[in-house]
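Commentary on secondary and tertiary structure
Single-letter residue listing:
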Amino acid sequence: MKLLKNTHPLVKMVDGIIVSLPRPVNISSYWNFGFLLRFCLIIQIVSGLFLSIHYSRDLRTAFLRVDHILRDVNYGWLIRMVHRNTARIFFFCMYIHIGRGIYYESYYLLEVWNIGVVIFLLRMATAFLGYVLPWGQISLWGATVITNLFSVVPYIGIQIVQWLWGGFSVDSATLMRFFSFHFLFPFAILGLVIMHLIFLHQTGSTNPLGVNRNFYKITFHPFFRFKDGLALAIMVRSIRFIVFFHPWMLADPENFIPANPLVTPVHIQPEWYFLFAYAILRSIPNKIGGVLALLISVMILFIIPLINKRIIKGRAFYPFTKAIFWVMVRSILILTWIGARPVDGMYILIGQVATVVYFLRFFLSSVRKVIWDKLF
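Every value quoted in this text rests on a predicted model; they were computed, and no experiment measured them.

A look at the overall build of the chain
- Check the secondary structure of the chain and you find 14 helices and two strands.
- The buried share of the chain, reckoned over its 376 residues, is 45%.
- Accessible surface computed for the chain: about 19,900 Å², of which carbon and sulfur atoms make up 72%.

Here it is in structure tokens:
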């Protein structure tokens, strides 16, 4: 089936997903994670809607209502565990999706890449807001620590923090605002995902070789449709295994205690998917410097296309590019481990070294661009 010409982009997108949009024949399984991310988003929206029916935004009853969902609502435990654990799988798939884009230089599709980065930032915000809603000890103190980071903004930082809180401390107004934003953001993400797909299907996918994207393509159905189906089956089995056998995997025990503003937990840490950024924040002794490093560590995704030289045929400096990519991956894994460790002794030094190595990857990419400009 041939694509219809001069049709609306949304019609082309739907036709491409279901039947006939040509795809490069050599794309690997790493290209399946975009489909898995869409499936995770649907699960999150549907399960979140059911949870919101029974949730209470009142500070005095929020923790008890979450316990009520687990104990008294029919299959409430299943909905909550699916919502909770799919969020973690969501981030796992998203990090692989972004890593694949960096490794295979998919960021040269500028519209697709930039919308994807915005989706990533909104997803991070949604996850943080959702982590506050159970209103345990880590929820309260995590909200206090993260919102206090906005106080470094010159002149209006304190006003921004108080606006986020809805007062002079994290209170009922804060919980109500966080619930409202947590409920609305997934629908904004859904709209951005549709835009992401429209731009992707106008340009076509990249491929591992980095050659002309119009070279040797095959239709989406049946080849890639069955491949996506296999990846989906594996992910569904993984979710089932985690939900039924390890539902509280990586959960912080402190969050099973109702929030108490008079007792500070010994070690405050976010979920595993934020630990690398949290370690970067802690590695800078200065508060403003730490917040700036945290912000740059994520926002740098926007400037990756600017600091890498576009190569039309194949990939120049490919071994060098592979080397600095895996250096970055190792630094992120080390930062994730350091983020879960106490701020003490050797952990501080390791975190600082890993932070330098993380940012060094982007400096080396800039050097590669300069070398290419000088040679050619």
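Overview of unusual backbone geometry
- In this structure, Glu-105 is a non-glycine residue whose phi angle is positive, near 60°.
- Summarising the element assignment, Glu-105 is placed in the loop between α4 (76-103) and α5 (110-132).
- Here Glu-105 falls in the buried class, since its relative accessible area comes to 7%.

As for the packing of helix α2 (residues 33-54) against helix α9 (residues 223-245)
- Where α2 contacts α9, the axes come no closer than 10 Å and their chain directions differ by 45°. Compared by their axis directions, α2 and α9 come out oblique. Regarding α2 and α9, the two cross each other, and that crossing is right-handed. Counted together, Phe-35, Leu-36, Phe-39, Cys-40 and Ile-43 of α2 and Asp-228, Ala-231, Leu-232, Met-235, Val-236 and Ile-239 of α9 form the full contact between these two elements.
- Here the contact of α2 with α9 is composed, by residue class, of ten nonpolar, no polar and one charged.

Some words on the nonpolar core
- Core analysis: the biggest nonpolar cluster contains 84 residues, and Ile-102, Trp-113, Phe-120, Met-235, Leu-301 and Tyr-358 have the highest contact counts within it.
- If we skip the residues at most four places from it in the chain, Trp-113 touches Ile-98, Gly-101, Ile-102, Tyr-107, Leu-301, Ile-304 and Pro-305.

Quick notes on the state of the cysteines
- Per the stated rule, a full pass over the model turns up zero disulfides.
- No disulfide involves Cys-93; its sulfur sits 4.9 Å from that of Cys-40, the nearest cysteine.

Some details on the confidence of the model for the chain
- On average, residues of the chain score 85 in pLDDT, and 87% of them reach the 70 mark or higher.
- Here residues 1-5 is a poorly scored stretch, pLDDT under 50, and it has eight contacts once near neighbours within four places are set aside; other chains count.

Considering the pattern of salt bridges
- Tallied over the full model, the rule gives three salt bridges.
- Residue Arg-60 pairs with Asp-58 through a salt bridge whose shortest N-O separation is 3.1 Å.
- By relative accessible area, which is 70% here, Arg-60 ends up exposed.
- Its salt-bridge partner being Arg-71, residue Asp-67 comes within 2.9 Å of it at the nearest N-O pair. Of this pair, Asp-67 and Arg-71 are both found in helix α3 (residues 62-71), four residues apart, which corresponds to roughly one turn of the helix.
- Look at Arg-71 and you get exposed, because its relative accessible area is 64%.

What to know about the environment of Trp-326
- Along the chain, Trp-326 falls in helix α13 (residues 318-339).
- Along the backbone, Trp-326 and Tyr-103 are 223 residues apart, and their C-alpha atoms lie at a distance of 9.1 Å.

Re the side chain of Arg-84
- Mapped onto the secondary structure, Arg-84 falls in helix α4.
- One buried charge, Arg-84, has no salt-bridge partner; the nearest side chain with opposite charge is Glu-271, at 4.4 Å.
- A polar side-chain atom of Arg-84 sits 3.1 Å from the main-chain carbonyl oxygen of Pro-247.
- Here Arg-84 is in contact with Pro-247, Trp-248, Met-249, Leu-250, Ala-251 and Glu-271, once residues within four sequence places are set aside.

With respect to the packing of aromatic side chains
- One pass over the structure, following the stated rule, counts 25 aromatic pairs.
- Each ring, one from Phe-91 and one from Tyr-95, has its centre 6.0 Å from the other, and the planes form 45°; the classification is tilted. With Phe-91 and Tyr-95 both in helix α4, this residue pair falls four residues apart, about one helical turn.
- A relative accessible area of 0% means that Phe-91 is categorised as buried.
- Grouped by ring-pair contacts, the aromatic residues Phe-91, Tyr-95, Phe-120, Trp-272, Tyr-273, Phe-274 and Phe-276 constitute a single cluster.
- Arg-123 extends its terminal NZ or CZ atom over the ring of Phe-90, reaching a point 4.5 Å from the ring centre.

Describing the environment of Val-343
- By the secondary structure assignment, Val-343 is in the loop between α13 and α14 (346-375).
- Each C-alpha atom of the pair Val-343 and His-267 lies 8.9 Å from the other, and the pair is 76 residues apart in sequence.
- If we ignore the near neighbours within four places in the chain, the residues touching Val-343 are Arg-282 and Ile-348.

Some details on the packing of α3 against α4
- Running from amino to carboxyl end, α3 crosses α4 at an angle of 115°, the nearest separation of the two axes being 5 Å. By the angle between their directions, the pair α3 and α4 is classed as roughly perpendicular. On α4, the residues that touch Val-66, Ile-69 and Leu-70 of α3 are Gly-76, Trp-77, Arg-80 and Met-81.
- For the contact of α3 with α4, the per-class residue count stands at five nonpolar, one polar and one charged.

Calculation notes
- Residues numbered from 1 in each chain as written.
- Predicted model: local features only at pLDDT ≥ 70, side-chain atom pairs only at ≥ 80, totals over all residues.
- Heavy atoms only, no water.
- Helix = DSSP H or I, 4+ residues; strand = E, 2+ residues; numbered from the N terminus.
- Buried < 20%, exposed > 50% of the residue type's maximum accessible area, 1.4 Å probe, protein only.
- Areas by Shrake-Rupley, 256 points an atom, 1.4 Å probe, with all protein chains shown as cover.
- Axes fitted to C-alpha atoms, helices over the stretch in contact; angles between N-to-C directions.
- Parallel < 35°, antiparallel > 145°, perpendicular 65-115°, else oblique.
- Left-handed = near helix turned anticlockwise from the far one by under 90°.
- Contact = heavy atoms within 4.5 Å.
- Nonpolar A, V, L, I, M, F, W, Y, C, P; charged D, E, K, R; others polar.
- Core = buried A, V, L, I, M, F, W, Y, C linked by side-chain atoms within 4.5 Å.
- Disulfide = S-S within 2.5 Å.
- pLDDT = per-residue confidence, 0-100.
- Salt bridge = Lys/Arg side-chain N within 4 Å of Asp/Glu carboxyl O.
- Lys, Arg positive; Asp, Glu negative; His and termini not counted.
- Polar contact = N/O pair within 3.5 Å; in protein donor to acceptor, adjacent residues only side chain to side chain.
- Phe/Tyr/Trp six-rings, centres within 6.5 Å; stacked < 30°, edge-to-face > 60°.
- Lys NZ or Arg CZ within 6 Å of the ring centre and 35° of its normal.

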